[in-house]
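Fold and contact review
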Amino acid sequence: MSGRSPDEVTGAGPAPSVGDAGSARLAVALEAAQLGLWEWEPESGSVVWDPRSTVMFGFGDRAATGTVADVDASVDPRDRQRVHLAMQHAVATAGSIEVEFRTRWSDGSEHWVHARGQALVDTDGRVVRLVGTNADVTTAHADAQVRAADAAAMAGLVAVATDLGEAHTEAEVLQVVTDRGTPLLGAQAMGLALIDHDEPGVRTLATAFDAEFLADHAHLAPTVRLPLVDTAITGRAHFLADLAATVPEFPDAAAVYSRTGTEASAAVPLHGSGGSVVGALSVAFAEPHRWRPAERQLLEAFAALTSQALQRLSARAAESAAAARAARFTETLQKTLLTWTPPDDGGLQVAVRYVPAAHHTRVGGDWYDVFTTAGGVLNVVIGDVTGHDQQAAAAMAQLRNLLRGIAHSTDAGPAATLTALDRAIADLHVGVLATVVVAQVRRDVTGVRLLWANAGHPPPLLVDAPGAARYLDAESDLLLGLQPETARHEHEVDLPEGSTLVLCTDGLVERRSVHLQRGLDWLAVAASDLVRSGALPVADGVCDGLLELVGEDLEDDVALLALHVAAP
């Protein structure tokens, strides 16, 4: 150090007009701004720093040479070339210099310096020296790095939101919290505490600790004095820097934190619909931790995303449970309504089946019926009311009972029965649309005959004893509920010994994006194969075999009826 005065370093020389007062004011300004002064003479290579700059460059406890070599000795190797280029540019242009770089101190610590300066020239325009200031911006750089890290962490919540949106169970939500949250916060562990609706207290979900510990703490009573329990019950957030700050308010933390190696922790509430508290999100650190405002905001944002995922799961579970209850009620009602009377003719086998759709809400208006009229005529019926809900099931019950009453009281044929039913739908304001096949089985000395009428329903399928199948596809009439004056037509066919009649609703043969004819073709082949298989009794074998072939994943409910003409 040359010991030059600030006036000499700046090249300004003494200012007679201000005297010592000017130097004093400069010193005060430099002190207030925490600025150091420097001077560099390019021609001689001489570098002069004031004491404050000397400290910034790490020469507080070592001697400086007073040459440009001191710059190389102090500036981090990663920044040396950039500093030299800035100095050379200022000399070449007789302009200013502004550069920011890292310095390495003798203790190995890294510091940041912001240097600014101006080239001074002689009367010939030649640069004779550069003078300027140094500012220690280490803290500003650290703050900027923290802000950048905080911003990156907040940006990381986008991936968290995406993963949570794909979670379908509490376990999957917990996995996202653990996999995403732990590295995002630099924590040791994270977990959930959810209000237990079966008994007072909370259920805890975590993955970071040993299985025995997790089993011992799977349920915590409301009296357990732990931050996450208090947060889950009261909704108060806790940000605790170390164990010493935790135990006075939460004494049970002493044993629990000791066992898990936890020092610092936090717990923030999880909110359900309407703002109610449904649990807590907790985080643990193995070392003491100072909770910055940005970290608190990050954890609260993480908790909000977790709450949304849990609300979605809860809403889905509630919806599924409600739909299942409704489906069970409707299915029970429907099966209760679908009573039938087996024929007393030993030469006829009748089997019936009803299977609800795989989707809870699609139980509806399919039905079958088997009954004998007052005149002793066996009637078999298959029908389908439009709609898939409890209203459709109720409408089905009305139509089924109306049809039974009309057929029993009038002993009319199938066409007349459908005509009377269509008029009753209009006159009684039942307000439904339905497809129906009504068939009557009549036996006399010549054999067994089938009379049927079809109101817009898939045609009956007849399979003979050897297994040849054909549809009774005489043109069907308009479905019920549209035009009560529609003419209804009756058809007749012999039922040979060993033949099997199959009636079904469209749920058995109709599939989304597949033409109905393909389903009808499949049914003919499948029923034919089942008859040929020789399963006994034939009617039951055909029904069970068809349902086994279509499987459980039905898009619509199915009513199925098989009638087999056995030997008398």
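Please refer to the structure higher up on the page.
Okay, so let's go over this structure. Every chain begins its residue count from 1, and numbering advances along the sequence as written. In view of the model being predicted, local features appear only for residues whose pLDDT reaches at least 70, and side-chain atom pairs are presented and counted only at 80 or more, with totals across whole chains, interfaces and linings using the full set of residues. For the side-chain quantities, the full set of heavy atoms in the structure was used; hydrogens and water were omitted.

1. Digging into the pattern of salt bridges
Here, a salt bridge means any side-chain nitrogen of Lys or Arg that lies within 4 Å of a carboxyl oxygen of Asp or Glu. Tallied over the entire structure, the rule returns 22 salt bridges. R353 is the salt-bridge partner of D544, the closest N and O atoms lying 2.8 Å from each other. Placement of the pair is D544 in helix α16 (residues 538-550) and R353 in strand β12 (residues 348-355), with a sequence separation of 191 residues. With a shortest N-O distance of 2.8 Å, D422 and R488 are connected by a salt bridge. Of this pair, D422 sits in helix α14 (residues 414-427) while R488 is found in the loop between β18 (469-471) and β19 (491-494), placing the two residues 66 residues apart along the sequence. This pair shows no difference in class: D422 is buried, exactly as R488 is. Look at the salt bridges and you will find they share partners, linking D76, R78, R104 and E110 into a network. Helix numbers and strand numbers start at the N terminus; a helix is a DSSP run of H or I with at least 4 residues, a strand a run of E with at least 2. Throughout, exposure labels follow a simple rule: accessible area from a 1.4 Å probe, protein chains only, divided by the maximum for the residue type, with under 20% read as buried, over 50% as exposed, and the rest as partly exposed.

2. So, the side chain of R400
By the element assignment, R400 lies in helix α13 (residues 390-410). We call two N or O atoms a polar contact when they sit within 3.5 Å, provided that within protein one can donate a hydrogen and the other can accept it, with sequence-adjacent residues counted only if both atoms are side-chain atoms. Engagement of the side chain of R400 in a polar contact is seen with the backbone oxygen of Y368, the distance being 3.3 Å. Reaching out from R400, the side chain makes a polar contact with the side chain of D369 at a distance of 3.0 Å.

3. Structural notes on helix α11 (residues 253-260)
Along α11, the positions that sit buried rather than exposed are A253, V256, Y257 and T260. Looking straight down α11, one finds its buried side chains confined to an arc of 90 degrees; they lie on one side. In α11, the exposed residues that point more than 90 degrees away from the buried face are A255 and S258. Pairs of residues are marked as contacts when any of their non-hydrogen atoms sit within 4.5 Å. Buried residues in α11 make contact with α8 (211-216), α9 (227-234), α10 (243-246) and β10 (264-271). Once α11 finishes, G261 follows within two positions and takes phi at roughly 70 degrees, a positive value. As used here, the arc is the angular range of directions from the helix axis to the C-beta atoms.

4. Points about the side chain of T262
Examined against the element boundaries, T262 turns out to sit in the loop between α11 and β10. Classification of T262 as buried rests on a relative accessible area of 6%. Excluding residues that lie within four positions of it along the chain, T262 makes contacts with Q188, Y257, A284 and F285.

5. Examining the sheet that holds β12
Strand pairing is assigned whenever DSSP identifies at least 2 bridges connecting the two strands. The strand order β12-β21-β20-β17-β18 describes an open sheet built from five strands, whose pairing is antiparallel. Two strands bound the open sheet, and with one partner strand each, they are β12 and β18. Geometrically, the sheet is characterised by an average inter-axis angle of 15 degrees between neighbouring strands, direction not taken into account. The sheet contacts of α16 involve β12, β20 (500-504) and β21 (558-565), and relative to β12 the element is tilted by about 25 degrees. Every axis in this analysis is a line fitted to C-alpha atoms, fitted for helices over the stretch in contact. Angles between the N-to-C directions lie between 0 and 180 degrees.

6. As for the pairing of β19
With burial as the criterion, only one face of β19 is covered, namely that bearing H491 and V493; the residues E492 and D494 on the opposite face remain uncovered. By the bridge criterion, four bridges tie strand β16 (residues 447-455) to β19 in an arrangement that is antiparallel. Its bridge partner lying in β19, W452 is registered against H491.

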